[in-house]
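Breakdown of the fold
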Amino acid sequence: MSYSIREAQIADADRVVELVVRLLSELDRVPVELDREASRQIYKELIGNPAHRAFIAWDGEKAVGLITVVQSLAIYARGRFGIINEFYVMPEYRSSGIGRLMLEEVEQFGLSRGWQRLEVGAPEREHWSRSIAFYCKEGFVEIGPRLKKLFPGGPPR
């Protein structure tokens, strides 16, 4: 099969939100519902910001994967670097090379902007060892757990 990866556009908002809903539902192991209109607005803000990018994997006209990345800046990273925020491939397309193609697209984007590294927050190993194995196979190394603190009034995730 021949897959393609392209940068997401405003018109892709519904497809992107649907892929994020699938990602969150899989991570939480229960169906997740998002406020679709609020999510579309966040998406429009994301792709309108030059520090963010979203790429969609396509099988013909069908969106089958998504990766979003943001540029960050830190002394420990020796300058600019990327953080993958969302990364999802539909289950029936996993192990087909789509994940690798999306990572290559992000890597080329990052190299063109002088990034020193790319980071991703991996899900818990107990349930997602296959995901962690994929990242390690693609050259990532584990650097420790990632923590979060939710602010009052924010979403429960």
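Residues numbered from 1 in each chain as written. Predicted model: local features only at pLDDT ≥ 70, side-chain atom pairs only at ≥ 80, totals over all residues. Heavy atoms only, no water.

As annotated in an unreviewed UniProt entry, the protein is Ribosomal protein S18 acetylase RimI-like enzyme from Hydrogenispora ethanolica.

What follows covers the overall build of the protein. Looking only at helices and strands, one finds 4 helices and 5 strands in the protein. In the protein, the succession of helices and strands from N to C terminus is β-α-α-β-β-β-α-β-α. Against the compact-globule benchmark of 15 Å for 157 residues, the protein has a radius of gyration of 15 Å, which places it among compact chains. With respect to the three principal axes, the spread of C-alpha positions in the protein is 45 × 35 × 35 Å. Counting across all 157 residues of the protein, residues that qualify as buried make up 39%. Sequence-distant contacts in the protein: of pairs separated by 6 or more residues, those separated by 24 or more amount to 59%. For the protein, the computed accessible surface area is about 9800 Å², with 54% contributed by carbon and sulfur atoms. Between the averaged position of the 22 positive side-chain charges in the protein and that of its 22 negative side-chain charges there is a distance of 4 Å. (Helix = DSSP H or I, 4+ residues; strand = E, 2+ residues; numbered from the N terminus. Rg over C-alpha atoms; globule rule 2.2 N^0.38 Å. Buried < 20%, exposed > 50% of the residue type's maximum accessible area, 1.4 Å probe, protein only. Contact = heavy atoms within 4.5 Å. Areas by Shrake-Rupley, 256 points an atom, 1.4 Å probe, with all protein chains shown as cover. Lys, Arg positive; Asp, Glu negative; His and termini not counted. Charge placed at Lys NZ, Arg CZ, Asp CG, Glu CD.)

Look at helix α3 (residues 98-112): 21 Å from first C-alpha to last across 15 residues, which is about the 21 Å you get at 1.5 Å a residue. Elements that come into contact with the buried residues of α3 comprise β1 (4-7), β2 (52-59), β3 (62-74), β4 (79-89), β5 (118-120) and α4 (125-137). Backbone geometry just downstream of α3 places Gly114 in the positive-phi region, at approximately 80°. (Expected span 1.5 Å × (residues − 1).)

This part is about the packing of aromatic side chains. All chains considered together, the criterion is met by 8 aromatic pairs. When the ring of Phe109 is compared with that of Trp115, the centres are 5.5 Å apart and the planes differ by 90°; the resulting orientation is edge-to-face. This pair shows no difference in class: Phe109 is buried, exactly as Trp115 is. By way of ring pairs, the aromatic residues Phe87, Phe134, Tyr135 and Phe140 are connected into one cluster. (Phe/Tyr/Trp six-rings, centres within 6.5 Å; stacked < 30°, edge-to-face > 60°.)

As a further point, take unusual backbone geometry. Look at Arg29: it is not a glycine, yet its phi comes out positive at around 60°. The topology assignment puts Arg29 in the loop between α1 (13-28) and α2 (36-48). Looking at Arg29, the relative accessible area reads 48%, which means it is partly exposed. Located in the positive-phi region is Ser95, a residue other than glycine, with phi close to 65°. Structurally, Ser95 can be placed in the loop between β4 and α3. Classification of Ser95 as exposed rests on a relative accessible area of 71%.

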